[in-house]
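# Per-entry structural report
The chain contents come next:
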Amino acid sequence: MANVTDLQTKYSKLAQEYSKLRAQNQVLKKAVVDEQASSASFKDQLKQRDQSLRKQEQEMDSLSFRNQQLAKRVELLQEELAVSEAKGKKGKSKADSPSQHGLETQNVFDEDLQKKIEENERLHIQFYEADEQHRKQEAELTTRLQQLEKDSEQHQAVVDGLTTKYMETIERLQSDKARLEVKAQTLDREAKECRIRTEECQQQLRRCQSELNRQVKQSSSVIQEKVPFNDTKFGDYNSLNVPPHNRRHQLKARDVAGQALSFIQDLVAALLNFHSYTEQRVHIYPLDSSIETISPLNQKFSQYLHENAAYVRPLEDGFLQLHQSITEDTVTVLETVVKLKSFADNFSSYTQFQRKILPYQLKSLEEECSAPLCTAALIAKNKELQSDMKRVTSVFEKLQSYIKLLALPSVQQDAMPQSSTSAVFTQLAACLHSLHDAIKEMSKHYNQKASLEQELPTITQKLCTTTECLLGSLASLTSSTGKIATFFSNNLDFFTSPGYSPRGSTVALNPLQAESMLANKKKAAAYIHAIKQGRPQSVPYREALSNRRILTSSTESREGLSQQVQQSQEKIARLEQEKEHWLLEAQLGKVRLEKENQRIADLETQLAAALGGSPNSQPAAASTLSQSHEEAEREQKDEGKETTLCTSLVGMLCTTPTVEHQVGDEESWEQLIKTHYMVRVGELTTQLQISDSKAVHFHSECRALAKRLAIAEKSRETLSEEVKLANQNITRLQDELTTTKRSYEDQLSMMSDHLCSMNETLSKQREEIDTLKLGSKGNTKKNKGR
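About the cut-offs
- Residues numbered from 1 in each chain as written.
- Predicted model: local features only at pLDDT ≥ 70, side-chain atom pairs only at ≥ 80, totals over all residues.
- Heavy atoms only, no water.
- Helix = DSSP H or I, 4+ residues; strand = E, 2+ residues; numbered from the N terminus.
- Buried < 20%, exposed > 50% of the residue type's maximum accessible area, 1.4 Å probe, protein only.
- Contact = heavy atoms within 4.5 Å.
- Areas by Shrake-Rupley, 256 points an atom, 1.4 Å probe, with all protein chains shown as cover.
- Core = buried A, V, L, I, M, F, W, Y, C linked by side-chain atoms within 4.5 Å.
- Polar contact = N/O pair within 3.5 Å; in protein donor to acceptor, adjacent residues only side chain to side chain.
- Axes fitted to C-alpha atoms, helices over the stretch in contact; angles between N-to-C directions.
- Parallel < 35°, antiparallel > 145°, perpendicular 65-115°, else oblique.
- Left-handed = near helix turned anticlockwise from the far one by under 90°.
- Arc of directions from axis to C-beta.
- Salt bridge = Lys/Arg side-chain N within 4 Å of Asp/Glu carboxyl O.
- Phe/Tyr/Trp six-rings, centres within 6.5 Å; stacked < 30°, edge-to-face > 60°.
- pLDDT = per-residue confidence, 0-100.
- Nonpolar A, V, L, I, M, F, W, Y, C, P; charged D, E, K, R; others polar.

Quick look at the overall build of the protein now. Looking only at helices and strands, the protein features 14 helices and two strands. By residue count, 25% of the 786 residues in the protein fall in the buried class. Intrachain contacts of the protein at a sequence separation of at least 6 include 81% that bridge at least 24 residues. Summed over all atoms, the accessible surface of the protein reaches about 54300 Å², with 55% contributed by carbon and sulfur.

In terms of nonpolar packing, the biggest core is built from 69 residues, with Leu-340, Met-442, Tyr-446 and Phe-488 touching the most fellow members. Mapped onto this core, the elements with two or more residues apiece are helix 3 (247–284), helix 4 (296–306), helix 5 (309–325), helix 6 (339–369), helix 7 (376–407), helix 8 (418–453), helix 9 (461–490) and helix 10 (492–496). In terms of residue count, helix 3 provides more of this core than any other element does, 15 residues in total. Not counting residues up to four positions away in its chain, the partners in contact with Leu-340 are Leu-322, Leu-334, Leu-406 and Ala-407. Grouped together as the second largest cluster of nonpolar side chains are seven residues, Ala-371, Cys-374, Leu-456 and Leu-463 included.

What follows concerns the side chain of Arg-281. Turning to its location among the elements, Arg-281 is positioned in helix 3. Judged by its relative accessible area of 5%, Arg-281 is buried. Within the structure, the side chain of Arg-281 is placed 2.4 Å from the side chain of Glu-453, a separation counted as a polar contact.

The next subject is the side chain of Thr-278. Structurally, Thr-278 can be placed in helix 3. Owing to a relative accessible area of 10%, Thr-278 belongs among the buried residues under this scheme. Residues within four places of Thr-278 in sequence aside, it is in contact with Phe-301, Leu-305 and Leu-470.

Another point: the packing of helix 5 against helix 6. Two numbers describe how helix 5 lies on helix 6: the axes approach to 8 Å, and their chain directions differ by 165°. One element, helix 5, and the other, helix 6, form an angle in the roughly antiparallel class. Where helix 5 crosses over helix 6, the handedness of that crossing is left-handed. Between helix 5 and helix 6, the residues in contact are Tyr-311, Val-312, Pro-314, Leu-315, Gly-318, Phe-319, Gln-321, Leu-322 and Ser-325 and Lys-339, Leu-340, Ser-342, Phe-343, Asn-346, Phe-347, Ser-349, Tyr-350, Phe-353 and Lys-356, respectively.

In this section: helix 4. Every buried residue of helix 4 is accounted for by Asn-298, Phe-301, Ser-302, Tyr-304 and Leu-305. Projection of helix 4 onto a plane perpendicular to its axis shows the buried side chains occupying an angular sector of 160°, all on one side. Facing away from the buried surface of helix 4 by more than 90 degrees, the exposed residues are Pro-296 and His-306.

Tallying each qualifying case throughout the model produces 17 salt bridges. Residue Glu-441 pairs with Lys-444 through a salt bridge whose shortest N-O separation is 3.5 Å. With Glu-441 and Lys-444 both in helix 8 and three residues apart, this pair spans about one turn of that helix. Here Glu-441 falls in the partly exposed class, since its relative accessible area comes to 28%. Across the pair Glu-713 and Arg-716 runs a salt bridge whose closest N-O atoms are separated by 3.0 Å. With a gap of three residues between them, Glu-713 and Arg-716 both fall in helix 14 (residues 662–785), about one helical turn apart. If you follow the salt bridges from partner to partner, you end up with Arg-281, Glu-368, Lys-449 and Glu-453 in one network.

This part covers the packing of aromatic side chains. Applying the stated rule across the entire model yields 10 aromatic pairs. Between the aromatic rings of Phe-301 and Tyr-360, the centroid separation amounts to 6.4 Å while the plane-to-plane angle is 5°, which identifies the pairing as stacked. Pair noted here: Phe-301 is in helix 4 and Tyr-360 is in helix 6, with a separation of 59 residues, a long-range link. Like Tyr-360, Phe-301 is buried. The interplanar angle of 70° and the centroid separation of 5.2 Å between the aromatic rings of Tyr-304 and Tyr-360 together place this pair among those described as edge-to-face. Here Tyr-360 lies in helix 6 and Tyr-304 lies in helix 4, a separation of 56 residues in the sequence.

Averaged over all residues, the pLDDT of the protein equals 76, while 76% of them reach at least 70. Note that residues 614–626 has pLDDT below 50 and, in this model, five contacts with residues that lie over four places away or in other chains. Predicted confidence for residues 635–663 stays below pLDDT 50, and this span has 36 contacts to residues more than four positions away or in other chains.

On to the packing of helix 4 against helix 6, then. Helices that pack against each other are described as a pair by the angle of their axes relative to one another and the distance between those axes. Direction vectors running N to C along helix 4 and helix 6 enclose 145°, while the axes themselves pass 10 Å from each other. In this structure, the crossing between helix 4 and helix 6 has a hand that is left-handed. Side by side, helix 4 and helix 6 meet where Leu-297, Asn-298, Lys-300, Phe-301, Tyr-304 and Leu-305 of the first sit next to Phe-353, Lys-356, Ile-357, Tyr-360, Gln-361, Lys-363, Ser-364 and Glu-367 of the second. Looking at the contact of helix 4 with helix 6, its residues break down into seven nonpolar, three polar and four charged.

For the rest of this paragraph, the subject is the environment of Ala-438. Following the sequence through the fold, Ala-438 ends up in helix 8. Distance in space between the C-alpha atoms of Ala-438 and Val-395 is 8.4 Å, their sequence separation being 43 residues. The residues contacting Ala-438, other than those within four sequence positions of it, are Arg-391 and Val-392.

Looking now at the environment of Leu-46. Mapped onto the elements, Leu-46 comes out in helix 1 (residues 2–90). Setting aside residues no more than four positions away along its own chain, Leu-46 makes contact with Leu-141 and Leu-145.

The structure is reproduced here in structure tokens:
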């Protein structure tokens, strides 16, 4: 079932990632649509500019045509002017009025020509300016269109890649879902079989419990009556005060430690991600370290955060050692768990690390509040985060105190009574719930802060990616702390139960009694092993008591039982003889009955013949019938008098000899009895041989089946352990793969962002170099011109 819960958590994580990627896909689709709309608008603007350019070209053509017409007209006017001047020279002698009139006309033409020339020059200037402006706009729009087309292609490539990735993720999730459904069906079948086996086991358990209760009562009465060797002077060294080894408690403790180890591993991974992403955020916001130097406070904070693995990793290692120290052959109580002290020390060092970085966290948030674009809402959220961080640190300090108290009995004996231990476990459970609530509040406030930071104009993609990773680590940290708190609350009864305690005492188990318990367990295991090999070294105490009771009772009643057995055997023999005797008597009675019936039939025929012969013969027949009856009565009386007892090898036979077949009947009956007994003896011998052979065959089969069952049980246990170890390794490797993959993806995203920023800085430097080169060339040309 743990594997099912792990698969469900992984499936939920995949679903969350899929929803996140789907939301990102929607945002990218929206951005692509916006870019396509802007590209279409720019294309419309370009078309309008082309239309205006064509209009201006048409106007320019019309103006050039007009200019040509005006030039021709000017040429005609100049020719007319030349002709008029030539005429004026020839006709100077003419009157003044015509010459004056020609001068006025010439002046009008000159003014008109000057105006046309100025208008032509102005139109040429406007046309040149409009042409230059149109070329500039055309170049700008072409460059922008090319850039937009590149962006559109990039966005389309990103959308295609995300679509392919989403399709692969959907197919993988569907295959995982189908596999999980098949596994769920298999688990349902196994659960049904387990329920059936559980019912059978419960019935067996009830029978065993009733039998064990009976044996416990019997043993208690025997111990109270027959065991007088209780050492009351030195109670600590009394062998009866050493508790028995509780294998069920050990298996439960190892199972609980294994579950806690998986939760601690999740917590350690979440803490490592949280500190690493916090360090990345310090390098990005409020100042980007790739562009400008961050503050000394954040540099020191980043240095401390870079050392987080040295404090977080020992938590997992210490608890792994604690889990490895809990085995089936050990005694797991607070007084004997020595590895808990090392885990407590590692947790104390991590708490000191939290206390060391707390001021830097608060100062870093204050520095973010002092940023120029920080709004009032962001300042409020930063203050809430400061209070959340203080609360988380205080909760970790409380956890450190309780864990140190739990580790104290393993160092110092009689350091804490059982009642105080229960109270510490209860307070530890409440403190774990407080830690889950505090981290949950901090995660909620971080989400609100991230949503507010998205609205800032100076937000960068690198900061958005780092913030999303930080929120993901906080979500996993919230989930892991919630699981730990729920797990601890569910197993609080097991933690507070004593598990081991000396008989008749309420004090805790000391290491000396634990050593005695393990020594007794080893002795018992060696004795059971010797019994299995067929060479027991001693007789168990319970068996000795029962043997003594049987011996005392058997010595008293042995003679009486032997007499009873002898009498019973004699009685059985006598009854068998009587049985055979009455069987023979029944057979003899049957033969006699047949003879009497035949005799009566003969008499009846004689009587019928006599009655049918003559009437005078009736008294004769009657007299003969009476005579025959008298003879029969006389024969019976004679038989009663002449009954003899015949003995032979078979046994005794009481016979009544008749007149006709006395000797022949005795021989025939003796032969019948011999035949009957021989047949009966043969049948009994055959049955006895068949029963012996079946018993031997069944005994050998039972021994072989018992051996096979023992081998199958051992192989099943080893295979189940191997399956558990394989599943644990698979889950651990999958978690490591997921963590490594996530860290690599984050590093790749950060490297890509860093490369983009470096490319931008390089392009800026190249532009500055080009401008400087151009400026230096211009200065050299000026210097040469001077």
